[in-house]
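Each chain is listed here by its residues.
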Amino acid sequence: MTTMTKSLSRPAGYKTPWEKARPYVYILPALIFLGLFTVYPVIDMIIRSFQKWNLVTAPTWVGIKNYDYIFKRKEFREAIVHTITYAIFVVGLGLSISTLFAVWLSKSTFMNNLTRTVMFMPHVIALISVAMVWAWIMNKNNGLLNMVLNFFGLPSLKWADSADTAMMSIIIVALWKAIGYNTMLIYAAIQNVPRELYEAADLDNANAVKKFFKITLPMISPQMFMLLITATTGSFRVFDTVRVMTHGGPGTATQVLVYYIYEQAFVLNNKVGYAFAASVVLMVMIGVLTAVYFRILSKRVHYQ
Amino acid sequence: MAEIRFEEITKKFGDKVILDHINLDIEDGSFTVMIGPSGCGKTTLLRIIAGIGPQTSGKVFLDGEDISGLPPAKRNVAMVFQNYAIYPTMTVKENIEFGLKNNKVPKDERERLIGEISEIVGIHELLDRKPGTLSGGQRQRIALARAMVKKPKVFLMDEPLSNLDAKLRVSMRTELIELHNRLKTTFVYVTHDQTEAMSMGTRIILMNKGVIQQEATPSVIYQDPDNLFTAQFIGSPQMNVLPFPDEKVRYGFRPEKVHLTNEPGQYFYTRKGHIVTKEMLGSETIYQVRYEGNSVMIKSLEDSFEQDHDVYIGVKKPNILLFDEDERRIRPDDARYEQWMSKL
């Protein structure tokens with residue numbers, strides 16, 4: 001009764017201050033959490049990229065000197081190029097090979113299910129644990145890969161020990177780790193495509209290639225788009241493979257952005273300001289790329 | 001236009017026999033409805049015609065040509081799926097055009113066909129829309145248009161109306177009949193709905209457990225069933241079937257063939273019963289009457305009889321059907337007919 005008189009006695013659309021504030025009060029805990037642990041660290045990172053600091057003494061403001069320094073250095077520019085190269089191969093090959101496997105293994109037979117499970121295993125194993133295995137597989141003297149190459153009459157490679165093949169070696173390990181996971185996700189997406197669509201396509205005289213590009217791919221585009229974004233951001237943040245296998249070498253052959261940041265901050269005389277500046281550059285690159293993806297591809301992604 | 005012939009068609013999934021040595025002719029230009037309870041094999045048979053679920057053994061002929069081994073696209077058939085199977089990522093036009101493009105139909109010919117068909121089906125203004133924004137009835141039309149545009153010899157339809165609401169279903173039923181009259185093409189239509197089968201079909205194929213029970217016109221199926229299954233499957237409420245005392249032979253009569261009277265009438269079959277329930281449905285009333293340990297349903301235009309009262313039921317001789325111990329019909333020309341009738 002009281003609410004009724006209340007609502008009658010005031011103009012439509014009028015809200016008390018408490019009613020206006022109420023929604024914000026409800027989301028306040030989440031906002032505080034986000035602000036404290038996500039927004040603040042990012043802002044702090046940006047601020048510190050304009051400071052000179054060695055982790056011990058008080059930081060001093062240096063303006064854009066950090067950026068000026070890193071962009072003038074060849075290693076940093078190389079690190080960007082290497083990171084992009086790595087990302088192109090890992091994302092491009094990773095997604096296309098995974099899609100091929102997912103289509104190939106899409107019939108649910110015992111062998112296919114087993115194969116997918118085995119392919120998924122690298123994803124659950126920590127990379128550090130298998131570093132030794134890969135060190136043997138890629139051993140330049142008696143490694144498995146060279147044995148295979150020799151078997152086909154091809155010369156041995158030095159893999160991670162040579163500047164020419166080190167990046168390729170890292171990409172191979174990254175693909176080995178990523179393909180099983182991608183295949184699993186794409187496989188699941190393909191399973192959700194209604195069977196009748198393919199039957200209708202059979203009646204419409206569509207061949208396998210047409211069926212893939214006109215039905216399967218558009219139907220799994222949301223999952224593919226998600227994978228593309230996560231795979232790209234993941235590749236730009238590559239670190240563990242480099243740290244374990246090559247330490248950025250030989251020379252600077254596998255120097256990538258995050259490894260560069262790590263070295264500036266923790267290996268070379270605590271040049272933390274450079275590390276922060278490089279981190280901001282990395283963040284901007286990933287942000288721009290993601291925006292570009294959304295801009296170009298979101299129209300072609302089909303949501304049910 | 002095309003006639004379809006099945007020769008010894010058998011379909012197994014593993015050890016399970018879905019279709020058991022089917023031999024059947026589907027007439028050219030007919031509206032043939034395949035009906036039966038779920039799992040009876042009707043959809044399987046339809047998919048065999050389409051070539052999307054090949055038979056285990058046996059042959060299919062279309063206009064005398066053996067199409068058993070042909071891929072679906074080479075069979076000159078089109079199908080409307082139960083859930084329409086419209087490509088959700090393509091516009092309506094692209095959906096209709098997809099098959100034409102794959103068949104390398106030239107562009108102006110495609111445009112002409114799409115214009116013509118979308119006019120007939122009434123989807124002209126929808127051509128640039130995505131299927132996700134359309135209603136069930138509109139999708140149904142698109143599925144029809146996609147099938148029609150290929151000018152197939154045979155239309156296959158797998159429960160195409162089952163996803164529509166009741167009202168739309170009735171109006172689409174009429175439209176499909178009109179469409180069939182206009183195209184004069186062979187329609188093969190699968191349904192589990194006897195009203196659809198009776199109202200649309202020129203021929204009905206009634207199936208159960210992978211075997212054809214009867215193939216005939218709707219009125220023959222209804223009036224002159226070959227066996228007990230057919231007699232009981234078609235008709236609502238279903239036919240009353242009662243056993244001869246201590247025998248395996250049974251007799252039956254349809255609910256609407258029973259006359260209710262307050263005094264015993266001059267009928268071949270007369271019994272005194274007790275009305276247990278009464279359902280007034282408007283133009284007709286359904287009574288449940290119990291007598292001699294039997295319970296029968298009676299559909300009457302008369303609603304003056306009251307529940308919990310006694311009543312006389314009467315059935316004329318031609319309206320009583322006999323079924324032997326194997327559930328096959330005993331027709332009047334059968335030697336056993338009079339012998340069993342006399343026991344009533």
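Scroll up for the structure.
Residues numbered from 1 in each chain as written. Chains lettered and ligands numbered in written order. Predicted model: local features only at pLDDT ≥ 70, side-chain atom pairs only at ≥ 80, totals over all residues. Heavy atoms only, no water.

Caption draft 1: Spotlight on the pairing of strand E4 (residues 57-62) of chain B. Residues and elements named next belong to chain B. Here five bridges tie strand E1 (residues 4-13) to E4, and the two strands are oriented antiparallel to one another. Its bridge partner being in E4, isoleucine 4 is matched across the sheet by leucine 62. Both E4 and strand E5 (residues 65-66) contribute to a ladder of two bridges, which runs antiparallel. Within E5, the position partnered with phenylalanine 61 by the bridge is aspartate 66. (Pairing = 2+ DSSP bridges. Helix = DSSP H or I, 4+ residues; strand = E, 2+ residues; numbered from the N terminus.)

Caption draft 2: Summary view of the sheet that holds strand E12 (residues 250-253) of chain B. Pairing is antiparallel in the open sheet, where four strands are placed in the order E11-E12-E18-E19 (chain B). The strands lining the two open edges of the sheet, one partner per strand, are strand E11 (240-243) and strand E19 (329-330) of chain B.

Caption draft 3: The arrangement of the pattern of salt bridges in detail. All names here are of chain B. On inspection of all chains with the given rule, the structure shows 32 salt bridges over all chains. Residue aspartate 326 is joined to arginine 328 by a salt bridge in which the shortest nitrogen-to-oxygen separation is 3.2 Å. If you follow the salt bridges from partner to partner, you end up with Asp324, Asp326, Arg328, Asp334 and Arg336 in one network. (Salt bridge = Lys/Arg side-chain N within 4 Å of Asp/Glu carboxyl O.)

Caption draft 4: Structural detail: helix H11 (residues 221-236) of chain A. Between its first and last C-alpha, H11 of chain A extends 22 Å over 16 residues, near the 22 Å set by a 1.5 Å rise per residue. Considering only its buried residues, H11 of chain A is in contact with helix H4 (74-104), helix H8 (166-191), helix H10 (208-219), helix H13 (257-267) and helix H14 (272-297) of chain A. (Expected span 1.5 Å × (residues − 1). Contact = heavy atoms within 4.5 Å.)

Caption draft 5: Structural view of the packing of helix H4 (residues 136-148) of chain B against helix H5 (residues 166-183) of chain B. Residues and elements named next belong to chain B. Viewed as axis vectors pointing N to C, H4 and H5 meet at an angle of 15°, and their least axial separation amounts to 12 Å. Here H4 is positioned roughly parallel relative to H5, judged by the angle of their axes. Between H4 and H5 lies a crossing whose hand is right-handed. Across from Gly137, Gln140, Arg141, Leu144 and Met148 in H4, the residues of H5 making contact are Leu168, Met172, Glu175, Leu176, Leu179 and Leu183. (Axes fitted to C-alpha atoms, helices over the stretch in contact; angles between N-to-C directions. Parallel < 35°, antiparallel > 145°, perpendicular 65-115°, else oblique. Left-handed = near helix turned anticlockwise from the far one by under 90°.)

Caption draft 6: The interface of chain B and chain A, seen in detail. At the junction of the two partners, chain B supplies 22 residues and chain A supplies 17 residues. Considering only the surface of chain B that becomes buried against chain A, Tyr87, Thr89 and Asn102 of chain B emerge as the three largest contributors, covering 28% of it. For the pair chain B and chain A, the interface holds two salt bridges. Ionic pairing is found between aspartate 204 of chain A and lysine 150 of chain B, a salt bridge with its closest N-O pair at 2.8 Å. Linking chain B to chain A there are 10 residue pairs in polar contact (both at pLDDT 80 or more). Going through the elements one at a time, helix H1 (42-50), strand E6 (77-80) and helix H2 (92-102) of chain B are the ones with two or more residues in the side of chain B that touches chain A. When residues in the side of chain B that touches chain A are grouped by element, the largest group, three residues, is from H2 of chain B. (Buried area = accessible area lost by both parts, 1.4 Å probe. Polar contact = N/O pair within 3.5 Å; in protein donor to acceptor, adjacent residues only side chain to side chain.)

Caption draft 7: Quick peek at the sheet that holds strand E13 (residues 259-261) of chain B. Residues and elements named next belong to chain B. A sheet is described by the order of its strands in space; here five strands give the open sequence E13-E17-E14-E15-E16, paired in antiparallel fashion. Taken across any chain shown, the strands that pair with only one partner, and hence form the sheet edges, are E13 and strand E16 (294-300). Averaged over all neighbouring strand pairs, the angle between strand axes comes to 45°, with direction disregarded. Here seven bridges tie strand E15 (residues 285-291) to E16, and the two strands are oriented antiparallel to one another.

Caption draft 8: Spotlight on the environment of methionine 138 of chain A. All names here are of chain A. Locating methionine 138 in the fold gives a position in the loop between helix H6 (127-137) and helix H7 (144-151). Taking relative accessible area as the criterion, methionine 138 reaches 5% and is therefore assigned buried. The sequence separation of methionine 138 and lysine 74 amounts to 64 residues, and the corresponding C-alpha distance is 29 Å. Beyond its immediate stretch of four places on either side in the chain, methionine 138 contacts Leu145, Trp159, Ser169, Ile172, Val173 and Met245. (Buried < 20%, exposed > 50% of the residue type's maximum accessible area, 1.4 Å probe, protein only.)

Caption draft 9: Representation of a positive patch on the surface within the structure. Where like charges cluster on the molecular surface, the positive patch consists of Lys210 and Lys214 of chain A together with Lys101 and Lys104 of chain B. You can see lysine 104 of chain B is positioned in the loop between H2 and helix H3 (107-121). Judged by its relative accessible area of 70%, lysine 104 of chain B is exposed. (Patch = residues over 30% accessible without salt bridge, like charges linked within 9 Å, V, L, I, M, F, W, Y side chains within 5 Å. Areas by Shrake-Rupley, 256 points an atom, 1.4 Å probe, with all protein chains shown as cover. Lys, Arg positive; Asp, Glu negative; His and termini not counted. Charge placed at Lys NZ, Arg CZ, Asp CG, Glu CD.)

Caption draft 10: Summary view of H4 of chain B. Relative to the 18 Å expected for 13 residues at 1.5 Å per residue, H4 of chain B spans 18 Å between its end C-alpha atoms, a close match to the ideal helical length. Counting buried residues along H4 of chain B, 10 of its 13 residues qualify, which places the element largely inside the surrounding structure. By the burial criterion, the buried members of H4 of chain B are Gly137, Gln140, Arg141, Ile142, Ala143, Leu144, Ala145, Arg146, Ala147 and Met148 of chain B. In the core, the buried residues of H4 of chain B are packed alongside helix H9 (195-203) of chain A together with E6, H2, H3, strand E7 (154-158) and H5 of chain B.

Caption draft 11: Main features of the side chain of threonine 285 of chain B. Residue and element names in this part refer to chain B. Tracing the backbone shows threonine 285 in strand E15. A relative accessible area of 1% means that threonine 285 is categorised as buried. Setting aside its immediate chain neighbours within four residues, threonine 285 contacts Lys278, Glu279, Met280, Ile298, Lys299, Ser300, Glu302 and Asp303.

Caption draft 12: Geometry of unusual backbone geometry. Residues and elements named next belong to chain B. For the peptide bond that leads from serine 236 to proline 237, omega is -5°, which places it in the cis range. Locating proline 237 in the fold gives a position in the loop between helix H8 (228-233) and E11. One non-glycine residue, tyrosine 84, lies in positive phi territory at about 75°.

Caption draft 13: Up close: the pairing of strand E10 (residues 211-216) of chain B. Residues and elements named next belong to chain B. Pairing analysis gives five bridges linking strand E9 (residues 203-208) to E10, with the strands arranged antiparallel. Across the sheet, the residue bridging to leucine 206 is glutamine 214, located in E10. Between E9 and E10, which follow one another and run antiparallel, lie two residues, and lysine 209 among them has a positive phi close to 50°.

Caption draft 14: Here's a closer look at the layout of surface pockets. What the largest pocket holds in volume is close to 880 Å³. Among the elements of the structure, H4, H10 and H11 of chain A together with H2 of chain B are those that each provide at least two residues to the lining of the largest pocket. Looking at which element gives the most residues to the lining of the largest pocket, the answer is H10 of chain A, with six residues. A class-by-class count of the residues in the lining of the largest pocket yields 13 nonpolar, seven polar and eight charged. One number sums up the size of the second largest pocket: a volume of about 530 Å³. As for the second largest pocket, its lining consists of 21 residues, and the residues nearest its centre are Val90, Ala174, Ala178, Gly234 and Ser235 of chain A. Along the lines of polarity and charge, the residues of the lining of the second largest pocket split into 11 nonpolar, seven polar and three charged. (1 Å grid on protein atoms, 1.4 Å probe; cavity = no way out; pocket = protein on both sides within 12 Å on 5 of 7 lines; lining within 4 Å. Points joined across faces, edges and corners; volume = space filled by probe spheres on them. Nonpolar A, V, L, I, M, F, W, Y, C, P; charged D, E, K, R; others polar.)

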